[in-house]
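Structural characterization, general
What follows is each chain in one-letter form.
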Amino acid sequence: MVKISYYPGCTLKTKAKDLDVTARLCAKALGVEMDEIENWQCCGAVYPMGTDEIATKLSAVRALDYAKHNGGKLLTLCSACHNVIKRTNEDMKKNDDIRFRANNYLQLDEPYGGETEVLHYLEMLKTVVGFDKIKQAVVKPLNRKIGAYYGCLLLRPSGVMAFDNPENPTIIEDFIRAIGGTPVVYPFRNECCGAYVSLKNGNLPKEKSRKVLTSAKEKGAEEVITACPLCLYNLQVNGDNILPVKYFTELLAEALGVQV
Amino acid sequence: MTNKEYVEIINRVSGTDVQKCMKCGKCSGRCPAFKDMDIKPHQFVSLLAKGKIEVLMESKAIWNCLSCMACVERCPRGVAPAAVVEAVRDTVTRMQGNNGIKAEEIPPIVDELIPQQLLVSAYRKYNK
């Protein structure tokens, strides 16, 4: 069993429990123990782009520093947490001013300088477990047409996220193949769902979410999967039930025969 | 503060050099919020380069930008329009009384499915 430090985030403990629970059980079935880090705090859900924003980046730095001393890797699952923590880590590596000011405040035993490797669950499935091994572990191949919804947060900015090709990603399609499904590639799979603007201008996410699901349906998808609780919410609530939307880990659990 | 001081702050906070923009418009072409951006991303960058910040601070664009980074991804000149929009929004919301969402507006629109992530991200984006 490989043990990796894990950052769940606020929503995975509440509205997105399905994502957290299925991910943990599937990881265990695949030989990975997700070791929840102690005293984690909410990452803030959005990466603060202002170069003078320090306080809003500290919770990510605390989690990164903890992981640095506990295996050197930090596993994320929610797309937003992954985006915030990975971009903050890049700042701690490359931005002298942010690194100096964050460390000056935190007064850690040893200054943090971006040493931790931030790993998304999908990256873990690909590089630590391997899609071939997942394929062998599948007991119930899904045999249906599934659309991967990447959204923004896993892919962009690609220079920092280095997750996949930002215009033509393939990792979730490879994942779908591994669990026995047929991936459906559709134009709007890396287009924003409307994100936090839901709270300010509800019409914008309605239009965006419908476009995503319509695009997937037109290409033949029977359902859409995501790694982001906010994408799931926008697509479900604003997307007029055009297609069912699930967390990718729910389908993994189904394929692996993992009882939740 | 003078107009010039605001421009300096926004340039510094955004961490991007708006003078590098060559006005190709790829950012606006890719923007998923294009229809709701009263000032389009390429115009936003251009207006800041000209020091016209009042119109930016009063725009709807600062509230409708999705921070999806599509504009940043497509810019051939390494300009980050989304970071410029955020720097202007930060400059506005850091002023007393200028928060974008008010606590009393939230309960009526909260449904039982709403994820914590939405509330946290909206508060982080719109309020200081």
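Take the overall build of chain B next. When helices and strands are counted, chain B shows nine helices and zero strands. What you see in chain B, going N to C, is helices and strands ordered as α-α-α-α-α-α-α-α-α. Its C-alpha atoms give chain B a radius of gyration of 15 Å, within 12% of the compact-globule value 14 Å for 128 residues. Judged by the C-alpha coordinates and their principal axes, chain B covers about 45 × 35 × 20 Å. Within chain B, the proportion of its 128 residues that are buried is 45%. Residue pairs in contact within chain B that sit at least 24 positions apart in sequence constitute 69% of those at least 6 positions apart.

With that settled, consider the sheet that holds strand β7 (residues 223-226) of chain A. Residue and element names in this part refer to chain A. Strands sit in the order β6-β5-β7-β8 across an open sheet of four strands; the sheet is parallel. The open sheet is flanked by β6 (182-184) and β8 (245-247), the only strands paired with a single partner. Taking each pair of neighbouring strands and ignoring which way they run, the sheet shows an average axis angle of 40 degrees. Across three bridges, the pairing between β7 and β8 is parallel. Residue pairing for β8: T226 is matched across the bridge by Y247.

In summary, soluble globular proteins display a tendency toward joint burial of nonpolar side chains. I85(A) and V84(B) are the most contacted members of the largest nonpolar core, which totals 128 residues. Ranked by residues supplied to this core, first place goes to helix α7 (residues 81-93) of chain B with six residues.

As a general feature of sheets, a regular strand has side chains that alternate between the two faces. Judged from the three bridges that link them, strand β5 (residues 145-148) of chain A and β7(A) form a sheet pairing that is parallel. Its bridge partner being in β7(A), G147(A) is matched across the sheet by V224(A).

With that settled, consider the interface of chain B and chain A. Interface extent is often summarised as the accessible area lost during association of the parts. Between chain B and chain A, the contact holds 35 residues from the first and 37 residues from the second. Those elements that place two or more of their residues in the side of chain B that touches chain A are α1 (3-14), α5 (61-64), α6 (70-74), α7 and α9 (116-126) of chain B. Looking at which element gives the most residues to the side of chain B that touches chain A, the answer is α9(B), with nine residues.

The assigned domain composition of chain B is domain 1 (3-95) and domain 2 (99-128). Look at where the C-alpha atoms of domain 1 of chain B and domain 2 of chain B centre, and you get two points 24 Å apart.

On to unusual backbone geometry, then. All names here are of chain A. Cis geometry is adopted by the peptide bond preceding P157, which originates at R156 and carries an omega value of -5 degrees. Residue position: P157 is located in the loop between β5 and α7 (158-161). Positioned with a positive phi, A195 is a non-glycine residue whose angle comes to about 45 degrees. Positive phi values are uncommon outside glycine, yet D240 reaches one of about 55 degrees.

Residues and elements named next belong to chain A. Taken domain by domain, chain A holds domain 1 (2-122) and domain 2 (131-256). Listed by partner, the interface residues are 23 residues for domain 1 and 23 residues for domain 2. Contributions of two or more residues to the side of domain 1 that touches domain 2 are made by α1 (17-29) and α3 (79-94). Within the side of domain 1 that touches domain 2, the residues separate by chemical class into 12 nonpolar, six polar and five charged.

In this section: the sheet that holds strand β1 (residues 2-6) of chain A. What holds strands together in a sheet is hydrogen bonding between their backbones, with the strands either parallel or antiparallel. All names here are of chain A. In spatial order, the strands read β2-β1-β3-β4; together these four strands make up an open sheet with parallel pairing. Looking along the sheet, the strands with just one partner apiece sit at the ends: β2 (32-36) and β4 (117-120). Taken over all neighbouring pairs, the strand axes of this sheet differ in orientation by 45 degrees on average, direction set aside. Running at roughly 130 degrees to strand β3 (residues 73-76), helix α2 (residues 58-68) makes contact with β1 and β3 of the sheet. Where helix α5 (residues 121-129) meets the sheet, it contacts β1, β2, β3 and β4, and its direction lies at approximately 100 degrees from that of β4.

Moving on, we come to the packing of α1(A) against helix α11 (residues 248-256) of chain A. Any two packed helices are characterised by the angle at which their axes cross and by the distance between the axes. All names here are of chain A. The interhelical angle for the contact between α1 and α11, taken along N-to-C directions, is 40 degrees, at an axis separation of 8 Å. As the angle between them shows, α1 and α11 are arranged oblique. Crossing hand, α1 versus α11: left-handed. In this structure, α1 uses D18, L19, T22, A23, L25, C26 and A29 to contact α11, whose residues at the interface are T249, E250, L252, A253 and L256. In terms of residue class, the contact of α1 with α11 is made up of eight nonpolar, two polar and two charged.

A few words now on the environment of Y186(A). Residues and elements named next belong to chain A. Relative to the helices and strands, Y186 resides in the loop between β6 and α9 (203-218). Take Y186: there are 21 C-beta atoms within 10 Å of it, and that puts it in the buried class. Separated by 60 residues in sequence, Y186 and K246 place their C-alpha atoms 17 Å apart. Not counting the four nearest positions on each side in its chain, Y186 is found in contact with G147, S215, A216, K219 and A221.

Calculation criteria
Residues numbered from 1 in each chain as written. Chains lettered and ligands numbered in written order. Predicted model: local features only at pLDDT ≥ 70, side-chain atom pairs only at ≥ 80, totals over all residues. Helix = DSSP H or I, 4+ residues; strand = E, 2+ residues; numbered from the N terminus. Rg over C-alpha atoms; globule rule 2.2 N^0.38 Å. Buried ≥ 20, exposed ≤ 12 C-beta atoms within 10 Å, placed from the backbone. Contact = placed C-beta atoms within 7 Å. Pairing = 2+ DSSP bridges. Axes fitted to C-alpha atoms, helices over the stretch in contact; angles between N-to-C directions. Core = buried A, V, L, I, M, F, W, Y, C linked by C-beta atoms within 7 Å. Domains from an automatic or database assignment. Nonpolar A, V, L, I, M, F, W, Y, C, P; charged D, E, K, R; others polar. Parallel < 35°, antiparallel > 145°, perpendicular 65-115°, else oblique. Left-handed = near helix turned anticlockwise from the far one by under 90°.

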